[in-house]
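Listed below are the residues making up each chain.
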Amino acid sequence: MGLADRMAPSADLMTGMMDRLGKTVVGADETPTPARARMIRNMVFRCTACPEPAACAALQRTVLHLDAPPLFCPNTEALRGLPDA
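Computed from a predicted structure; not experimentally measured.

Student: Would you take a moment to explain empty space enclosed by the protein for this structure?
Tutor: Gaps left between atoms show up when a probe the size of a water molecule is rolled over them. Going through the model one piece at a time under the given rule, you end up with one cavity of 30 Å³ or more. Here the largest cavity defines a volume of roughly 100 Å³. Lining the largest cavity, in full, are Leu13, Met14, Met17, Cys47, Cys50, Cys56, Phe72, Cys73, Pro74, Asn75 and Leu79. Examining the composition of the lining of the largest cavity, we find that three residues originate from one element, helix H1 (residues 3–21), more than from any other. Here the residues of the lining of the largest cavity sort into ten nonpolar, one polar and no charged.

Listed below in structure tokens is the structure:
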């Protein structure tokens, strides 16, 4: 499976993780910027390189709320930096 084939599932896992952490791409008082779009793109790329996509998917099937990303998540710092939903 090539990078392009992994991008959609990775984007789904990443947005699922954002949902469970109560994070959003752009806060209520923010305007979307090219810099934020690049950050989200980079998060998807990191997600495609994650060594544990099956564990992430399994976690998301069973957990609706998380206080922190799982230890294996390559987007931990980026997720923490996103605004709360």
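Student: How do you make sense of the environment of alanine 28 when you look at a structure like this?
Tutor: On the secondary structure map, alanine 28 appears in the loop between H1 and helix H2 (34–48). Residue classification places alanine 28 among the exposed residues on the basis of a relative accessible area of 90%. On a C-alpha basis, the gap between alanine 28 and proline 83 in space is 8.8 Å, while along the polypeptide they are 55 residues apart.

Student: Quick question: what am I supposed to make of the pattern of salt bridges here?
Tutor: Should the charged atoms of two oppositely charged side chains come close, the side chains can pair. If you walk through the whole model with that rule in mind, you get three salt bridges. Measuring nitrogen to oxygen at the nearest pair gives 3.4 Å for the salt bridge that ties glutamate 30 to arginine 36.

Student: Please clarify how the packing of H1 against helix H3 (residues 53–62) should be interpreted in this entry.
Tutor: When two helices pack together, their arrangement is given by the angle between the helix axes and by the axis-to-axis distance. In contact at an axis separation of 10 Å, H1 and H3 are set at 45° when each is read in the N-to-C sense. Here H1 lies oblique to H3, going by the angle between them. The interaxial crossing formed by H1 with H3 has left-handed handedness. On H3, the residues touching Asp12, Leu13, Gly16, Met17 and Arg20 of H1 are Pro53, Cys56, Ala57, Leu59 and Gln60. Across the contact of H1 with H3, the residue classes tally to six nonpolar, two polar and two charged.

What counts, and at which threshold
Residues numbered from 1 in each chain as written. Predicted model: local features only at pLDDT ≥ 70, side-chain atom pairs only at ≥ 80, totals over all residues. Heavy atoms only, no water. 1 Å grid on protein atoms, 1.4 Å probe; cavity = no way out; pocket = protein on both sides within 12 Å on 5 of 7 lines; lining within 4 Å. Points joined across faces, edges and corners; volume = space filled by probe spheres on them. Helix = DSSP H or I, 4+ residues; strand = E, 2+ residues; numbered from the N terminus. Nonpolar A, V, L, I, M, F, W, Y, C, P; charged D, E, K, R; others polar. Buried < 20%, exposed > 50% of the residue type's maximum accessible area, 1.4 Å probe, protein only. Salt bridge = Lys/Arg side-chain N within 4 Å of Asp/Glu carboxyl O. Axes fitted to C-alpha atoms, helices over the stretch in contact; angles between N-to-C directions. Parallel < 35°, antiparallel > 145°, perpendicular 65-115°, else oblique. Left-handed = near helix turned anticlockwise from the far one by under 90°. Contact = heavy atoms within 4.5 Å.

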